[in-house]
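Topology and contacts: notes
Here is what each chain is made of, one letter per residue.
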Amino acid sequence: MRTSVTVYAPATVANVASGFDVLGFALHKPGDFVTLKKKEKKSVDIVAIEGDGGKLSLDAALNTAGVAVSGYLKAAGFPFGVDIILKKAMPLSSGLGSSAASAVAAVYGVNLLAGRVLPRQELLPFTLHAEEAACGTPHADNAAPALFGGFVLIRSYEPLDIVKLPVPAGLAAAVVHPHTEVRTADARRILKKELRLVDAVRQWGNLAALVAALYQEDLGLLGRSLQDVVAEPLRSLLIPGFPGVKKTALENGALGCSISGSGPSLFALCASLEEAGKVGRAMQQSFLKEVSLESDLYVSEVNQEGPKVVED
Ligand code: HSE
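Here is what the cut-offs are and how they apply
Residues numbered from 1 in each chain as written. Predicted model: local features only at pLDDT ≥ 70, side-chain atom pairs only at ≥ 80, totals over all residues. Heavy atoms only, no water. 1 Å grid on protein atoms, 1.4 Å probe; cavity = no way out; pocket = protein on both sides within 12 Å on 5 of 7 lines; lining within 4 Å. Points joined across faces, edges and corners; volume = space filled by probe spheres on them. Helix = DSSP H or I, 4+ residues; strand = E, 2+ residues; numbered from the N terminus. Nonpolar A, V, L, I, M, F, W, Y, C, P; charged D, E, K, R; others polar. Domains from an automatic or database assignment. Near = heavy atom within 4 Å. Polar contact = N/O pair within 3.5 Å; in protein donor to acceptor, adjacent residues only side chain to side chain. Sits in = over half its atoms within 2 Å of the grid points. Contact = heavy atoms within 4.5 Å. Buried area = accessible area lost by both parts, 1.4 Å probe. Salt bridge = Lys/Arg side-chain N within 4 Å of Asp/Glu carboxyl O. Phe/Tyr/Trp six-rings, centres within 6.5 Å; stacked < 30°, edge-to-face > 60°. Buried < 20%, exposed > 50% of the residue type's maximum accessible area, 1.4 Å probe, protein only. Lys NZ or Arg CZ within 6 Å of the ring centre and 35° of its normal.

So, on to the layout of surface pockets. Here the largest pocket is characterised by a volume of approximately 730 Å³. If you trace the largest pocket, you find 38 residues lining it, with Ser93, Ser99, Ala134, Cys135 and Thr184 closest to the centre. When residues in the lining of the largest pocket are grouped by element, the largest group, four residues, is from helix H3 (residues 124-135). Taken together, the residues of the lining of the largest pocket break down into 13 nonpolar, 16 polar and nine charged. Residue assignment places the lining of the largest pocket across two domains, with domain 1 (4-165) and domain 2 (172-301) each supplying three or more. Its volume calculated, the second largest pocket comes out at about 280 Å³. Residue lining of the second largest pocket: 14 residues in total, with Phe20, Lys192, Leu195, Gln203 and Val230 positioned closest to the centre. No other element matches the four residues that helix H6 (residues 197-216) contributes to the lining of the second largest pocket. Counted by class, the lining of the second largest pocket contains eight nonpolar, three polar and three charged residues. The residue makeup of the lining of the second largest pocket includes at least three contributed by each of domain 1 (4-165) and domain 2 (172-301).

Set out below in structure tokens:
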């Protein structure tokens, strides 16, 4: 039986334009590394965090990895505790699902330490409690793709009903993270609580067509479906240079472009890795030209694997 394990869990793009809170996909990189060490004392302790610039709390009750592991151990009644070392290898408050990646890596790891007692789908609720602790809402559109890989649709939250969707061959994403922060809680607060029927009709038309496009490998339909009339019009106001950068992505051949999760990162879906690299570099230039913002670029095919053990 393992006594220690290090797990990598990937960054994710949530919402994917029309799927607010119900759709997300996983990237190969960046991601977070979580090391878990089993101990006799029945406490969950965050012993070190690297790569967060000192911003995250070492209090396990305030950290998504700590919350997920505590929930798991409590629910399963295991007679052991865990020391956790977090290595954040992606930016915080970037819209890349950083809090979900840590929670997913942590709960996947503790399940291995316990002897893989729960099937993967039963790990998801522990990560949602962690997301709730981090931003006030237990949204699953980062945690589910980080845990299962690929594109994941959340048909229902109560009860949880998760649908894994197919990924068209070669589909790749450029994700550009401008060096500014948007907290998920703030980006949720600015959304309207009610929708006009006309907007709801456009949104569900686009979401249904996006799902059909994934099944049919129809990249034209996928591109036409990547529209968000619910969150993007409000949240884009929090991202300096957004209209120009999105326009640049589309002019350079992106299938579509929108906000990654709650932002400030933008994602562009493209027909190949090569295209995604070209589109991403143009978006970075645009951020510089429009609003003098430096950015990081991540180019990745869709990660179909989810978390993985990197060290025993
Ligand atoms: N669906 C969530 C939101 C994702 O948009 O608030 C947060 O990354």
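A separate point is empty space enclosed by the protein. Within this structure, the stated rule accounts for one cavity of 30 Å³ or more. If you go around the largest cavity, the residues you meet are Asn15, Ala17, Asp228, Ala231, Glu232, Arg235, Ser258, Ile259 and Gly261. At the level of elements, helix H8 (232-235) and strand E8 (256-259) are the ones that each hand at least two residues to the lining of the largest cavity. Grouping the constituent residues of the lining of the largest cavity by class yields three nonpolar, three polar and three charged.

The next subject is the site of the ligand. Every residue close to the ligand is listed here: Ala14, Asn15, Phe20, Asp21, His139, Asp141, Asn142, Thr184, Arg188, Arg235, Gly261 and Ser262. Contact between the ligand and Asn15: an oxygen atom at 2.8 Å from a side-chain N or O atom of the residue. The cavity where the ligand resides is the largest pocket. Class assignment of the residues belonging to the shell around the ligand gives a composition of two nonpolar, six polar and four charged. In this structure, the shell around the ligand is formed jointly by two domains, domain 1 (4-165) and domain 2 (172-301), each of which donates at least three residues.

The domain architecture assigned to the chain consists of domain 1 (4-165) and domain 2 (172-301). Between domain 1 and domain 2, the C-alpha centre-to-centre distance is 24 Å. Facing 31 residues of domain 1, the contacting portion of domain 2 comprises 38 residues. Contact between domain 1 and domain 2 buries roughly 2,500 Å² in total, counting both sides, with carbon and sulfur atoms accounting for 64%. The tally of links from domain 1 across to domain 2 stands at two salt bridges. Contributing elements (two or more residues each) for the side of domain 1 that touches domain 2: strand E1 (4-14), strand E2 (23-39) and strand E6 (161-165). It is E2 that contributes the most residues to the side of domain 1 that touches domain 2, seven residues altogether. The residue makeup of the side of domain 1 that touches domain 2, split by class, is 17 nonpolar, 10 polar and four charged.

So, on to the packing of aromatic side chains. In total, this model carries six aromatic pairs according to the counting rule given. When the ring of Tyr8 is compared with that of Phe33, the centres are 4.9 Å apart and the planes differ by 55 degrees; the resulting orientation is tilted. A residue pair is termed long-range when its members are at least 10 positions apart, and Tyr8 in strand E1 and Phe33 in strand E2 qualify at 25 residues. Under the relative-accessibility criterion, Phe33 is labelled partly exposed at 26%. The interplanar angle of 70 degrees and the centroid separation of 5.7 Å between the aromatic rings of Tyr72 and Phe126 together place this pair among those described as edge-to-face. Of this pair, Tyr72 sits in helix H1 (residues 64-76) while Phe126 sits in helix H3, and the two are 54 residues apart along the sequence. Pair check on accessibility: Tyr72 and Phe126 agree, each one buried. Its end group placed over the ring of Phe80, Lys38 keeps NZ or CZ at 4.7 Å from the ring centre. One Lys or Arg, Lys87, reaches over the ring of Phe33 and ends 5.2 Å from the middle of that ring.

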